[in-house]
Structure formats: structure tokens, C-alpha cells
Amino acid sequence: MLSSLAHGRAPAATPTTSVSYTDVAFAAAIFLGQAALALALPEAARSHRPDALGWILLAAGAALLTWRRHAPMWCLVGTVTVVAPYHYMENIQEAPLLASMIALYSVAVAGPPARTFLVVPTVVGTMATVMAAIGRPAGAPMLQGAGWVVAVAVAGEVVRMHRNYIAAIMERAERAERTREEEAARRVAEERLRIARDLHDLLAHSITLIGVQTSVAAHILLADPDRLDRTAVAGALDNIADTCREARSELRTTLRVLRADSDGPLPGLAGIPSLTKAAEAAGADVSLTLDPGRDAVPAAVGAAAYRIIQESLTNAVRHAGAPAPRVRVAVRHRDAALHVCVEDDGPEPVKPPAADRPEGFGIVGMRERARSVGGTFAAGPRIDGTAGFSVTAVLPCPADRAEPAETY
């Protein structure tokens, strides 16, 4: 009953300074209950019904409960200060006990425990002093009163610990929810970055090849119209059509993640020969060494290798500078890692961007792809001192026994 009467103040809540209508109504209800006890309980040899001053003290003790949630300690001090004279005047002794116990319970619920442990003996000592002053025996009644004081304080401590436990659970749940939301946001950002990289690699590769092949067809048409090589023109146009079909297929696979929960099949090592053939169709001289090993390469590693080679071939075709740049592509599975190397012999592999043209994201995207699978990446002039550009990546994957390399 005491728990339900004083319920409404969580220990973790920020106390307010204003008294609400609920507090006033609660204090009024307690006064009515105490008045009913003062009128209903029979008088005894050492107690009588309250006189005018007794009723004032009884009402004051109940009125102080309006501050039990905002200043519980001061509420208890005031209640004891008012109730002590009431008992000393030998009014009905049981009437003000309800207000006293609620004030003590509010102190215990508010905490901290150390204050409660100090308040309990103080209240018991005050009660013993008043009983001795009015000549009451300090035997069984004293022990009974002390037992009620301790019981109410323990009940308040139990409620306080329970509320703290519930608050801790709610805080952990909120923290876990925030962590889940942050994790979901991080995954969304990573997925958007992955899609951006895929679209960049796909469009840059396809558009570059189409541009080169279109230039070849235009050159054939304009160089010597009288001796038009229809077969060469048809071949260039067929290559453009093949590149468009491959780009459309890859674009459909990439955009599938925006419409479904699954990511769809990722490009892998099996698609590398088609990349080299597309580069050859654009005029490059490509040699491929593909040694995937016996065990299957993880899909993420295969996709990273595919995109790195795709971007490297695109840059070689675009920047190598020679009419037919020579490009060497090597993919080997050694020492529990997939080693990727793309080298060209162009004299000026990477041209600095113009002042009015933003720098591209090709090398940045390749480095991010290598890091996404825990690998390393390097790009720059060839280390042997010859002209050209080199791209190398080491992508960790399960070790396996290598098979003889296949050269294309």
C-alpha cells in the first residue's frame, strides 16, 4: 500500500520545484485518512481525540507530503517536527503514523542508501525520546514502532533498487537500439559506396571502350573513303554492340541490389578473359596469365580482383598513349593470397587532370576495393625503370595448392 501511495518518483528522474495537483490531492487524501483514524479509534487512558492544535498539527503533517517527491529529506524533517508535538500532547497516537511512514518511505526511495541508514536510527531515537517524555513504557510498543520504521525503510530501498535495475535495463536497450541503428547506417553507407564503385568501374570501362572503338570506325570511314574496309568497320561496330550488351548485363546485376534483398551474383575471376578480349577489341595488345588455384576463391576477393583489372585495363586503353599499347595481366594464387598485377608500356600512363576537370576516382576505387577484403594495393610507375604504369594488389584468401598457370 505504501509503495502504491508514494509511487510516481523514479530515482533517476530530474526533480522539479513546483507542486502539482496530484501532490496536493495525495496530501489531502492522507489527511482524510488520518482524520478518519483520529475520529474512529477509541480513546484510551493515555490518548484522546485531537484538540484544535492537534488537528492543526495533523493537517500540517499531511500537507508536508506535497513535497515528498521534490524534497523528501526536508519533508521527513518537517513531518517529524510536526508529529513529535502531536504525540507529546497525547492525542490519538495512530493517526499521524501514515504521514510519517510515507515521508520515511519517500526518503528511502529517493536514496542514497547511506542517508537512509542514518535516518532510520535518528527516527527511532526521536520516537524513543517522545515516548519517554510522555511516560510511555519502552518495551514492546517501542520495539513494535522500531520494527515498522525499519520495515518501511527496507521497502523503500527495495523499490529504489528495483527502479534502478529497470532504468539500467532500459538504458542498455536504448544503447543497443542506437548501436543497431548506427550499424544499419554504416552498412547502408558501405553498400552505397560499393554501388558507386561498381557503377564507376562499369561505366568508365564500357564508355572508354566504346569511345575507342567508335574512333576506330570513324578513322576507317574518313581515312580513305574510296577504299572503305567494310569488314573493319563492321568489326568495330560489332565490338561496340558487344560492349553495350556486357555493360547492360552488368548494370542490371548492379542495380538489382536496389530492388531486392540479395546482392545478386558478383563478377569474379571467370570474367577476366572477357575483359582482356574487350581491351584487345579496343586496340590493346593484352597477355593474360590466370592461375586461380585449386580451391574456389571467395566471391568478394574475386569481385575485387575483377574490378581492379577492369579499371586498370580501362586506364591503359585510355592513357597508355601508344597506338596498340601492350598490357600484361597476371593473376596468381600464392601464399594464401591472390596476387594481381597489371602492367602497360605506355609512356604517360596517368595524365594529371586539367584545372577545370576534377580528378577521377579510379585509383581511389581500386584501393578501396583491396582494403574491403583486407588486402593491399599499390599503383605507380613500373619499378623496373622502364616506361609504363603498374598496378599491384595482394588480396588475402584461403591457401590452396596451385595448378599450372594458363596463359591466354
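What you see is a predicted model; the values in this text were computed from it and never measured.

Calculation rules
Within every chain, residues take consecutive numbers counted from 1 along the sequence as written. Only residues with pLDDT of at least 70 get local features here, since the model is predicted, and only at 80 or more are side-chain atom pairs given and counted; chain-wide, interface and lining totals rely on the full set of residues. Heavy atoms from the whole structure form the basis of all side-chain values; hydrogens and water molecules are not counted. Here, a salt bridge means any Lys or Arg side-chain nitrogen found within 4 Å of an Asp or Glu carboxyl oxygen. Only DSSP runs of H or I reaching four residues or more are called helices, and only runs of E reaching two or more are called strands; each is numbered from the N terminus. Only protein chains enter the area calculation, which uses a 1.4 Å probe; residues under 20% of their type maximum are buried, those over 50% are exposed, and those in between are partly exposed. pLDDT gives the predictor's per-residue confidence on a scale running from 0 to 100. Here a residue-residue contact requires only that any non-hydrogen atoms of the pair lie within 4.5 Å. In this analysis, rings of Phe, Tyr and Trp, with Trp reduced to its six-membered ring, are considered paired at centre separations within 6.5 Å, and the interplanar angle assigns stacked below 30 degrees, edge-to-face beyond 60, and tilted for intermediate values. Remark: a charge is flagged as sitting over a ring if the NZ atom of Lys or the CZ atom of Arg is within 6 Å of the ring centre and within 35 degrees of the ring normal. Any residue with relative accessible area above 30% and no salt bridge may belong to a patch, with like charges joined within 9 Å and the nonpolar Val, Leu, Ile, Met, Phe, Trp and Tyr side chains within 5 Å. Accessible surface is estimated by sampling points in the Shrake-Rupley manner with a 1.4 Å probe; for residues, cover comes only from the protein chains shown. Residues belong to a common nonpolar core when they are buried Ala, Val, Leu, Ile, Met, Phe, Trp, Tyr or Cys residues joined through side-chain atoms within 4.5 Å. Multiplying one less than the number of residues by 1.5 Å gives the expected span of a helix. Here the arc refers to the directions that run from the helix axis out to each C-beta atom. Strands are labelled as partners when DSSP assigns at least two bridges between them. For every element, the axis is a line fit to its C-alpha atoms; helices are fit only across the contacting stretch, and the angle between N-to-C directions ranges from 0 to 180 degrees. Our angle categories are set so that under 35 degrees counts as roughly parallel, over 145 as roughly antiparallel, 65 to 115 as roughly perpendicular, and the remainder as oblique. Two helices crossing with the near one rotated counterclockwise from the far one by less than a right angle form a left-handed crossing, whereas a clockwise rotation gives a right-handed crossing.

Regarding the pattern of salt bridges
Where charged atoms from two side chains of opposite charge come close, those side chains can pair. This model, assessed by the stated rule, comprises seven salt bridges. Across the pair arginine 382 and glutamate 343 runs a salt bridge whose closest N-O atoms are separated by 3.9 Å. In this pair, arginine 382 sits in the loop between strand 4 (376-381) and strand 5 (389-396) while glutamate 343 sits in strand 3 (residues 337-344), placing the two residues 39 residues apart along the sequence. On the accessibility criterion, arginine 382 (13% relative accessible area) is buried.

Regarding the confidence of the model for the protein chain
For the protein chain, per-residue confidence averages 76 on the pLDDT scale, and 75% of positions sit at 70 or higher. Segment residues 348-359 is flagged for pLDDT under 50; beyond a separation of four residues in sequence, or across chains, it makes 13 contacts in the model. Note on residues 400-408: pLDDT under 50 across the span, and 25 contacts to partners over four residues away in sequence or across chains.

Comments concerning the packing of aromatic side chains
Here the structure, examined in full by the defined rule, presents zero aromatic pairs. Over the aromatic face of phenylalanine 26 sits the side chain of arginine 68, whose NZ or CZ is 3.9 Å from the ring centroid.

Some details on unusual backbone geometry
In this structure, aspartate 335 takes a positive phi of about 55° despite not being glycine. Checked against the element boundaries, aspartate 335 lands in the loop between strand 2 (326-334) and strand 3. At alanine 336, a residue that is not glycine, the phi angle is positive and equals roughly 60°. By the secondary structure assignment, alanine 336 is in the loop between strand 2 and strand 3. For alanine 336, a relative accessible area of 31% puts it in the partly exposed group.

Looking at the side chain of threonine 276
Of note, threonine 276 is situated in helix 9 (residues 272-281). The residues contacting threonine 276, other than those within four sequence positions of it, are Val286, Leu288 and Leu313.

Topic: a nonpolar patch on the surface
The grouping of Val150, Val154, Val158 and Met161 at the surface amounts to a nonpolar patch, some 340 Å² of accessible area in total. Residue placement: methionine 161 occurs in helix 7 (residues 140-223). Judged by its relative accessible area of 48%, methionine 161 falls in the partly exposed class.

Here's the deal with the nonpolar core
In terms of nonpolar packing, the biggest core is built from 36 residues, with Ile272, Ile309, Leu313, Val329, Val331, Leu338 and Leu395 touching the most fellow members. Among the elements of the structure, helix 9, strand 1 (285-291), helix 10 (299-319), strand 2, strand 3, helix 11 (362-372) and strand 5 are those that each provide at least two residues to this core. When residues in this core are grouped by element, the largest group, nine residues, is from helix 10. Apart from the residues lying within four places of it in its own chain, the contact partners of leucine 338 are Leu269, Val297, Val301, Ala305, Val331, Arg332, His333, Ala393, Val394, Leu395 and Cys397. Core analysis: the next-biggest nonpolar cluster, separate from the first, contains 26 residues, Leu76, Tyr105, Val119 and Val124 among them.

Observations concerning the environment of tryptophan 148
Mapped onto the fold, tryptophan 148 is located in helix 7. Accessibility expressed as a relative area gives 54% for tryptophan 148, which makes it exposed. Separated by 47 residues in sequence, tryptophan 148 and methionine 101 place their C-alpha atoms 8.3 Å apart.

Remarks on helix 6 (residues 113-133)
In this model, helix 6 (21 residues) spans 31 Å end to end at C-alpha, consistent with the 30 Å of a helix rising 1.5 Å per residue. Among the residues making up helix 6, those that are buried are Thr116, Val119, Val120, Val123, Val124, Val130 and Met131. Buried residues of helix 6, seen end-on, are gathered within an arc of 130° and therefore sit on one face of the element. Those residues of helix 6 that are exposed and angled more than 90 degrees off the buried face are Phe117, Leu118, Thr129 and Ala132.

Side note on helix 5 (residues 97-110)
Between the first and last C-alpha of helix 5 there are 20 Å, a value that for 14 residues agrees with the 20 Å anticipated at 1.5 Å per step. Where burial is concerned, most of helix 5 is hidden: twelve out of the 14 residues are buried. Three or more residues of helix 5 are buried, namely Ala99, Ser100, Met101, Ile102, Ala103, Leu104, Tyr105, Ser106, Val107, Ala108, Val109 and Ala110.

Digging into the environment of glycine 54
Examined against the element boundaries, glycine 54 turns out to sit in helix 3 (residues 52-63). With relative accessibility at 0%, the residue glycine 54 sits in the buried group. Along the chain, glycine 54 and methionine 89 lie 35 residues apart, while their C-alpha atoms are 7.8 Å from each other.

Here's the deal with the pairing of strand 3
For strand 2 and strand 3, the ladder comprises eight bridges, and the chain directions are antiparallel. Bridging across to strand 3, histidine 333 finds its partner in leucine 338. Taking the residues between adjacent antiparallel strands as the criterion, strand 2 and strand 3 are bridged by two residues, where aspartate 335 takes a positive phi near 55°.

Describing the packing of helix 3 against helix 4 (residues 72-88)
Closest axis-to-axis distance for the helix 3/helix 4 pair is 9 Å, and the angle between their directions is 155°. Comparing the axis directions of helix 3 and helix 4 gives the class roughly antiparallel. Between helix 3 and helix 4 the crossing geometry is left-handed. Contacts between helix 3 and helix 4 involve Gly54, Leu57, Leu58, Ala60 and Gly61 from the first element and Thr79, Val82, Pro85 and Tyr86 from the second.

Considering the packing of helix 10 against helix 11
At a minimum axis distance of 9 Å, the contact between helix 10 and helix 11 shows a crossing angle of 165°. With respect to their mutual orientation, helix 10 and helix 11 come out roughly antiparallel. Crossing of helix 10 over helix 11 shows left-handed handedness. Contacts from Ala304, Arg307, Ile308, Glu311, Ser312 and Asn315 of helix 10 reach helix 11 at Gly362, Met366, Arg369 and Ala370.

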